[in-house]
Amino acid sequence: MMTVWREHAATWWDALLHPQRAGQLVLSQEKTGLNLFFVFTVVLLYGMYGFCMGLFNGSLAAVVSAMKLPFLYMATGLISFPAFYVLSCVFGPRLQRGQCIRLLLLASSSNAVALASYAPINLFFTLTTSNHGYLFLSLMHVGVFAVSGVISVVVIVFVFRAVAESVKRRITWAVAVLWGVLYGFVGTEMAWVLRPWIGWWNEPYTPFRPLERSFI
């Protein structure tokens, strides 16, 4: 089992570093277990950042955020998947459903890696910022999420191009951009629904808040 997971880890990391190989991996019909490895790794990496983010308000908030952050991205991907699949069929390389899932998992992986790489810095500022630094931490997290989101969209563009070249089909940048905007709106609304992520320092912590309006 460990040998298989090491092979999956090597394949996963190689695909993140080389879009052309990622395109070939997306088109492959094998290694169902690889998708499970992707999901496990993405959940773990998102959980790391979520834990560091919630630690500002104590251990309970850290554990809750560690669970909510992976759910945020996985649920957003699930909700956005039909639109992504249709865009792929109409304007993209016409991927099959399983191939679309693997492509989205690769994009989520790049997003998760970007967030996890910032987790030590996140932890440092969380532990060294006073209660009155809530606004600073909030803005910092918004910036990190924005950058990591852009990275995931860029990964989709490069992998889409690699896949399109393999199947001899041209695509436009508008496909990834349109889906990226849609994904961003769904993700932002999902984040609003799952709030709080840090919690007010001068109020008792509650894992969830009542639904009020939307993020707009």
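Up top is the structure these notes are about.
Given the structure is predicted, the values throughout are model-derived calculations rather than measurements.

**What to know about the overall build of the protein**
Point 1. A count of helical and extended segments in the protein gives 7 helices and 0 strands.
Point 2. Scanning the protein from its N terminus toward the C terminus, one meets helices and strands in the order α-α-α-α-α-α-α.
Point 3. Relative to a compact globule of 216 residues, whose C-alpha radius of gyration would be 17 Å, the protein shows 18 Å and is just as compact.
Point 4. The dimensions of the protein, computed from C-alpha atoms along their principal axes, are 60 × 45 × 25 Å.
Point 5. Of all 216 residues assigned to the protein, the portion counted as buried reaches 44%.
Point 6. Considering only contacts within the protein whose residues lie at least 6 apart along the sequence, 72% involve residues at least 24 apart.
Point 7. For the protein, the computed accessible surface area is about 11,500 Å², with 71% contributed by carbon and sulfur atoms.
Point 8. The averaged location of the 7 negative side-chain charges in the protein is 7 Å from the averaged location of its 14 positive side-chain charges.

**Some words on the pattern of salt bridges**
Point 1. Evaluated as defined, the whole model comprises 1 salt bridge.
Point 2. Across the pair D14 and R21 runs a salt bridge whose closest N-O atoms are separated by 2.6 Å.
Point 3. Judged by its relative accessible area of 24%, D14 falls in the partly exposed class.

**Some words on the layout of surface pockets**
Point 1. Counted as a void, the largest pocket has a volume near 950 Å³.
Point 2. The wall of the largest pocket is formed by 32 residues, among which V142, F145, G187, T188 and A191 lie closest to the centre.
Point 3. Secondary-structure elements contributing two or more residues to the lining of the largest pocket are α4 (59-90), α6 (134-166) and α7 (173-193).
Point 4. Element by element, the count of residues in the lining of the largest pocket is highest for α6, at 11 residues.
Point 5. Lining of the second largest pocket is provided by 16 residues; of these, M74, G77, L78, L104 and L105 occupy positions nearest its centre.
Point 6. Sorting the residues of the lining of the second largest pocket by element identifies α4, α5 (97-128), α6 and α7 as the ones contributing at least two each.
Point 7. For the lining of the second largest pocket, the element with the highest residue contribution is α5, accounting for 6 residues.
Point 8. Looking at the lining of the second largest pocket residue by residue, the class counts come to 12 nonpolar, 4 polar and no charged.

**Considering the packing of helix α2 (residues 19-27) against α6**
Point 1. In the contact formed by α2 and α6, the axes pass within 8 Å of each other and the chain directions differ by 65°. Here the hand of the crossing between α2 and α6 comes out right-handed. Facing α2, whose interface residues are P19, Q20, A22, G23, V26 and L27, α6 presents F158, V159, A162, V163, E165 and S166.
Point 2. Tallied by class, the residues present in the contact of α2 with α6 amount to 8 nonpolar, 3 polar and 1 charged.

**Structural notes on α6**
Point 1. Helix length check: α6 (33 residues) gives 48 Å between terminal C-alpha atoms against 48 Å at 1.5 Å per residue, within 8%.
Point 2. Positive backbone phi, at 60°, marks K168, one or two positions downstream of α6.

**Some thoughts on unusual backbone geometry**
Excluding glycine, most residues fall at negative phi; most peptide bonds, likewise, are trans.
Point 1. Put simply, R195 and P196 share a cis peptide bond, and its omega is 5°.
Point 2. Along the chain, the position of P196 falls in the segment after α7.

**Description of the packing of aromatic side chains**
Point 1. For the coordinates displayed, the defined rule picks out 7 aromatic pairs.
Point 2. Where Y49 meets F145, the ring centres are 5.5 Å apart and the plane angle is 65°; that geometry is what we call edge-to-face. In this pair, Y49 sits in helix α3 (residues 32-54) while F145 sits in helix α6, placing the two residues 96 residues apart along the sequence.
Point 3. Summarising the aromatic geometry, the rings of F124 and F125 are spaced 5.4 Å apart at their centres and angled 75° between planes, so their arrangement reads as edge-to-face.
Point 4. Residue class for F125 comes out partly exposed when judged on its relative accessible area of 27%.
Point 5. A network of ring pairs unites the aromatic residues W12, W13 and F37 as a single cluster.
Point 6. For the cation-ring pair, K68 lies above W197, with the distance from its terminal atom to the ring centre recorded as 5.0 Å.
Point 7. The ring of F208 carries K68 above its face, with NZ or CZ at 5.0 Å from the centroid.

Rules behind the numbers
- Residues numbered from 1 in each chain as written.
- Predicted model: local features only at pLDDT ≥ 70, side-chain atom pairs only at ≥ 80, totals over all residues.
- Heavy atoms only, no water.
- Helix = DSSP H or I, 4+ residues; strand = E, 2+ residues; numbered from the N terminus.
- Rg over C-alpha atoms; globule rule 2.2 N^0.38 Å.
- Buried < 20%, exposed > 50% of the residue type's maximum accessible area, 1.4 Å probe, protein only.
- Contact = heavy atoms within 4.5 Å.
- Areas by Shrake-Rupley, 256 points an atom, 1.4 Å probe, with all protein chains shown as cover.
- Lys, Arg positive; Asp, Glu negative; His and termini not counted.
- Charge placed at Lys NZ, Arg CZ, Asp CG, Glu CD.
- Salt bridge = Lys/Arg side-chain N within 4 Å of Asp/Glu carboxyl O.
- 1 Å grid on protein atoms, 1.4 Å probe; cavity = no way out; pocket = protein on both sides within 12 Å on 5 of 7 lines; lining within 4 Å.
- Points joined across faces, edges and corners; volume = space filled by probe spheres on them.
- Nonpolar A, V, L, I, M, F, W, Y, C, P; charged D, E, K, R; others polar.
- Axes fitted to C-alpha atoms, helices over the stretch in contact; angles between N-to-C directions.
- Left-handed = near helix turned anticlockwise from the far one by under 90°.
- Expected span 1.5 Å × (residues − 1).
- Phe/Tyr/Trp six-rings, centres within 6.5 Å; stacked < 30°, edge-to-face > 60°.
- Lys NZ or Arg CZ within 6 Å of the ring centre and 35° of its normal.

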